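# Chain and residue survey
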Amino acid sequence: MRAIRDRLRELYGRPVNHPHGDPVHELVKTILSQNTSDTNRDAAYERLRKRFDNWEEVRDAPVSEVADAIRPGGLSVTKSPRIQEALRGCGDPIDLSWLRDAPRGEAIDFLTSLPGVGRKTAACVLIFSFDRPEIPVDTHVHRVGERLGLFRDRASFEEAHDVMLRVVDPEDAYELHINLIRHGRAVCRPRPRCEQCALRLMCPYWRRLAAARRQRPDTEAKEA
Ligand code: SF4
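Residues numbered from 1 in each chain as written. Predicted model: local features only at pLDDT ≥ 70, side-chain atom pairs only at ≥ 80, totals over all residues.

The number of helices and strands found in the chain is 12 helices and 0 strands. Along the chain, from the amino end to the carboxyl end, the secondary structure elements read α-α-α-α-α-α-α-α-α-α-α-α. The principal-axis extent of the C-alpha atoms belonging to the chain is close to 70 × 35 × 30 Å. Looking at the chain alone, contacts between residues at least 24 apart form 65% of all its contacts between residues at least 6 apart. (Helix = DSSP H or I, 4+ residues; strand = E, 2+ residues; numbered from the N terminus. Contact = placed C-beta atoms within 7 Å.)

Okay, structure coming up:
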């Protein structure tokens, strides 16, 4: 794990987390980010904040108004009730600042009990708000992690979360989350660019691929 961390650091630098201390912001933003680009998510979030003065207003507004505000983010009809339901679970007045010091299990259990909130969203809230050591496993982290053998093939996202937490040093959580995403976008794409990859000598996926290539000429020769 540390060798992978170091190689990724050589490639992409050492990102530093700047926790913003606003878990409700992170919760809503992460729900908005589902199935859309960062640009569309940000546009939807900005419109939502401009339309309503506070989170209680968002929670209590007619759902059609919330849907209208977040329309640029896509799936507004699905996301608007999801946001309101999540906000209804956040106390009155809405406040999640207690998550900063809550025991980890309690914080995760609470967040994942909110409608529409899974492990990834819960991890985002904790790491980006408070720099609590979590590794949100999105599609990039899952794909790259699986190929690098960090967890077993076809592990669920939930299992991948648990394994990543076990194998990563807490102080490396943010760095690895960001750099695995960068690597997933740049090189280890759905169609991986293994020939260009600086991690291939430590990658089980690459080793399997290389072994299959070595065997292929023999097989072809025998068949001929
Ligand atoms: S060698 Fe290929 S599969 Fe392995 S990390 Fe690099 S791009 Fe991904």
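Let us now look at the packing of helix H7 (residues 104-113) against helix H8 (residues 119-130). Running from N to C, H7 and H8 cross one another at 125 degrees; their axes reach a closest spacing of 9 Å. On the basis of their axis angle, the class for H7 and H8 is oblique. Crossing geometry of H7 relative to H8 is assigned as right-handed. Every residue of H8 that contacts H7 at Ala107, Ile108, Leu111 and Thr112 is listed here: Arg119, Thr121, Ala122, Val125 and Leu126. (Axes fitted to C-alpha atoms, helices over the stretch in contact; angles between N-to-C directions. Parallel < 35°, antiparallel > 145°, perpendicular 65-115°, else oblique. Left-handed = near helix turned anticlockwise from the far one by under 90°.)

Let us now look at the site of the ligand. Taken together, 14 residues sit near the ligand, with Cys188, Cys194, Cys197, Arg200 and Cys203 positioned nearest. For the shell around the ligand, the secondary structure elements donating two or more residues are helix H9 (139-147) and helix H12 (204-223). (Near = placed C-beta within 6 Å.)

Scored by pLDDT, the chain has a mean of 93; 96% of the residues are at 70 or more. The lowest-confidence element of the chain is H12, averaging 77 in pLDDT; the highest-confidence one is helix H4 (residues 55-60), averaging 97. (pLDDT = per-residue confidence, 0-100.)

Before going further, it helps to spend a moment on the domain arrangement of the chain. Domain boundaries in the chain define domain 1 (1-14 + 139-224) and domain 2 (23-130). Computed from C-alpha atoms alone, the centre-to-centre distance between domain 1 and domain 2 is 31 Å. At the interface, 5 residues of domain 1 touch 4 residues of domain 2. Listing elements by their share of the side of domain 1 that touches domain 2, those giving two or more residues are helix H10 (157-167) and helix H11 (173-186). (Domains from an automatic or database assignment.)

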